[in-house]
Amino acid sequence: MSVSAEPSVDAENYLSDRAIAAQPSEVRKILRASPRTDTISFANGAPYLGALPFDRLADDAFRILRENGSRAFQYGPSDGIPELRRHICELMSLEGITADPADVVVTAGSQQAIDVAARVLVNPGDVIFAEGPSYAGGMAAFAGYEAEIVHVPVDADGMVVDELERKLAQVRAEGKTSKGVYTIPNFQNPGGVNLSAERRTRIGELCRAERMLVLEDNPYGLLGFDGTTTRAIQPDFADITIYFGSFSKMIAPGPRVGWMLPPSWLHEHMVNTSETSALNPAVYNQQLISAYLDDPSWKTKLDEYRGIYRRKFEALVETLEEEMPEGTTWNQPTGGFYLWVTVPDGIDTEKLVYEAIDRGVVFVPGTAFYTNGGGHNELRLSFCLPSEEDIRRGARIIGELFQEAA
């Protein structure tokens, strides 16, 4: 029997409007377009894993299966195993958060947590305010449930609250419902900036007064180059803040373990909605992360990674200072994974992406981090994954490309 190469149905008759409107990740689309094995990637916010104690992790993995394999491979609690939730509360306490393990909801990475929150909160047309630029995956999650993303400008101290107030007034005047402010307060993706303490308070007070939620996404908070941590928004506004955390950046993304800490009045809704998509987060993966955190040496390892990322950042900036065209500027992150670069007007970073790929370098144009068409003379460079040698070599290629375009 032959099989027709042509579809027998019109797919759009079967797809939801939401599925039709969904857009692919620009970052992953760019990565797929770079087939060369020797490509230097500044595109992916993937942590460097070369210093992880894989021998110890292997011992933990074997012990978990040998001693408790039937539990590790079984269904588990919808909100996560108790021992991991205790560790999560200890981690969050480093940023001033006091929480009971029963309040924590473990998820398959913080991306699932954001998606669950969007599903619980957003009706079509609701407004979510987000930094401009902002994390593409977060915006995709909210937009996937038909939220309207309204960008708020960012400066060296994070989201500009005066602009947030102005845009909120416009949205209110248009009769729209504002559900919350999505912010990455520490070493922001993609801008690398930190939200100042004064602005954290102002955002919390504004959200409380306007009956909005604070959506605090914090995968990078423990990755300051000098080890400094900053008080989260959640401790002062626990009744209106959903806090998102992840082990993907501070340990590894492969296990896909993250969490959220919602207000108590939202907890049951978050758990119930999470159940419908995943039943429960993978028990074995949670046990492996929990075993890693049982050994206090994880703190020493985290210090080692902070030093690695600081040296990579310094290598990138030193080379860009020598190679980029006059008038190029960038932020000065004190931690995290990202350098946000602004090039002179007239250079369109989106148009140069594939030329860069042809030369063996990948970056992400600024347009990937806005939903309003902004970012054409901006780009994000992730310094976390390449070696220092590759960072210098790749930055020279980018500098050459942008000099030619200037």
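Note that the structure is predicted; figures quoted are calculated from it, not measured.

Scoring rules and cut-offs
Residues numbered from 1 in each chain as written. Predicted model: local features only at pLDDT ≥ 70, side-chain atom pairs only at ≥ 80, totals over all residues. Heavy atoms only, no water. Pairing = 2+ DSSP bridges. Helix = DSSP H or I, 4+ residues; strand = E, 2+ residues; numbered from the N terminus. Contact = heavy atoms within 4.5 Å. Axes fitted to C-alpha atoms, helices over the stretch in contact; angles between N-to-C directions. Core = buried A, V, L, I, M, F, W, Y, C linked by side-chain atoms within 4.5 Å. Buried < 20%, exposed > 50% of the residue type's maximum accessible area, 1.4 Å probe, protein only. Phe/Tyr/Trp six-rings, centres within 6.5 Å; stacked < 30°, edge-to-face > 60°. Expected span 1.5 Å × (residues − 1). Parallel < 35°, antiparallel > 145°, perpendicular 65-115°, else oblique. Left-handed = near helix turned anticlockwise from the far one by under 90°. Salt bridge = Lys/Arg side-chain N within 4 Å of Asp/Glu carboxyl O.

With that settled, consider the sheet that holds strand β7 (residues 213-217). Ordered by their spatial adjacency, eight strands build an open sheet running β2-β9-β8-β7-β6-β3-β4-β5, and the pairing between neighbours is mixed. A strand with exactly one partner marks an edge of an open sheet, and here the two such strands are β2 (105-107) and β5 (158-159). Lying on the sheet, helix α5 (residues 109-121) is in contact with β2, β6 (178-183), β7, β8 (241-246) and β9 (258-261); it crosses β8 at an angle near 155 degrees. On top of the sheet, helix α7 (residues 161-173) reaches β3 (127-132), β4 (148-155), β5 and β6; it is set at about 160 degrees to β4, its chief contact.

Turning to the nonpolar core, a few remarks are in order. In this structure, Phe-129, Phe-142, Ile-242, Phe-247, Leu-381 and Phe-402 are the most contacted members of the largest nonpolar core, which totals 125 residues. With ten residues, the top contributor of residues to this core is helix α11 (residues 297-323). Once residues lying within four places of it in the same chain are set aside, the contact partners of Ile-242 are Ala-117, Leu-121, Leu-213, Val-214, Leu-215, Glu-216, Met-260, Leu-261, Pro-262, Pro-263, Leu-266 and Met-270.

It is worth spelling out the packing of aromatic side chains at this point. One pass over the structure, following the stated rule, counts 14 aromatic pairs. Here the aromatic rings of Phe-73 and Tyr-284 are separated by 5.9 Å at their centres, their planes lie at 90 degrees, and the arrangement is edge-to-face. With Phe-73 in the loop between α3 (54-72) and α4 (82-93) and Tyr-284 in helix α10 (residues 283-294), this pair connects stretches of sequence that are 211 residues apart. Geometrically, the ring pair formed by Phe-363 and Phe-402 is tilted, given 5.8 Å between the ring centres and 55 degrees between the ring planes. Taken together, the residues Phe-363 in the loop between β12 (361-362) and β13 (364-365) and Phe-402 in helix α13 (residues 388-405) connect sequence positions 39 residues apart. With relative accessibility at 0%, the residue Phe-363 sits in the buried group. Every member of this aromatic cluster is reached through a ring pair, and the members are Tyr-48, Tyr-220, Tyr-305, Tyr-309, Phe-337 and Tyr-338.

This next bit is on the environment of Ile-30. Along the polypeptide, Ile-30 turns up in helix α2 (residues 26-32). The buried category is assigned to Ile-30, whose relative accessible area is 2%. Separated by 333 residues in sequence, Ile-30 and Phe-363 place their C-alpha atoms 8.2 Å apart. When neighbours within four sequence positions are excluded, Ile-30 is seen to be in contact with Val-353, Tyr-354, Ile-357, Val-362, Phe-363, Val-364 and Pro-365.

In this section: α4. Here α4 spans 17 Å end to end across twelve residues, near enough to the 16 Å set by a 1.5 Å rise per residue. Within α4, the full set of buried residues consists of Leu-84, Arg-85, His-87, Ile-88, Cys-89, Leu-91 and Met-92. Packing partners of the buried residues in α4 comprise β2, β8, β9, α10 and α11.

Turning our attention to the sheet that holds β13. Taken together, the four strands give an open sheet; going across it, the order is β10-β11-β14-β13, and neighbouring strands pair in antiparallel fashion. This sheet does not close on itself; its edge strands, each paired only once, are β10 (329-330) and β13. Where β13 lies against strand β14 (residues 378-382), two bridges are found, and the strand directions are antiparallel. Bridging across to β14, Pro-365 finds its partner in Leu-379.

Our next topic: the pairing of β14. Counting buried positions along β14 gives five out of five residues, so the element sits mostly inside the fold. Here β14 shows no split at all, with Glu-378, Arg-380 and Ser-382 on one side and Leu-379 and Leu-381 on the other all buried. Judged from the five bridges that link them, strand β11 (residues 338-342) and β14 form a sheet pairing that is antiparallel. Across the sheet, residue Val-341 finds its bridge partner in β14, namely Leu-379.

Further remarks concern the packing of α5 against helix α6 (residues 136-144). At a minimum axis distance of 8 Å, the contact between α5 and α6 shows a crossing angle of 30 degrees. Between α5 and α6, the angle is such that the two are roughly parallel. Between α5 and α6 lies a crossing of right-handed hand. On the side of α5, the interface is formed by Gln-111, Ile-114, Asp-115 and Ala-118, while α6 contributes Gly-137, Gly-138, Ala-141 and Phe-142.

Another point: the pattern of salt bridges. For the structure on display, the rule yields 25 salt bridges. Between Glu-163 and Arg-166 there is a salt bridge, and its shortest N-O distance comes to 2.7 Å. With Glu-163 and Arg-166 both in helix α7 and three residues apart, the pair spans about one turn of that helix. The class for Arg-166 is partly exposed, based on a relative accessible area of 38%. One network of salt bridges, with partners in common, ties together Arg-56, Asp-60, Arg-63 and Asp-295.

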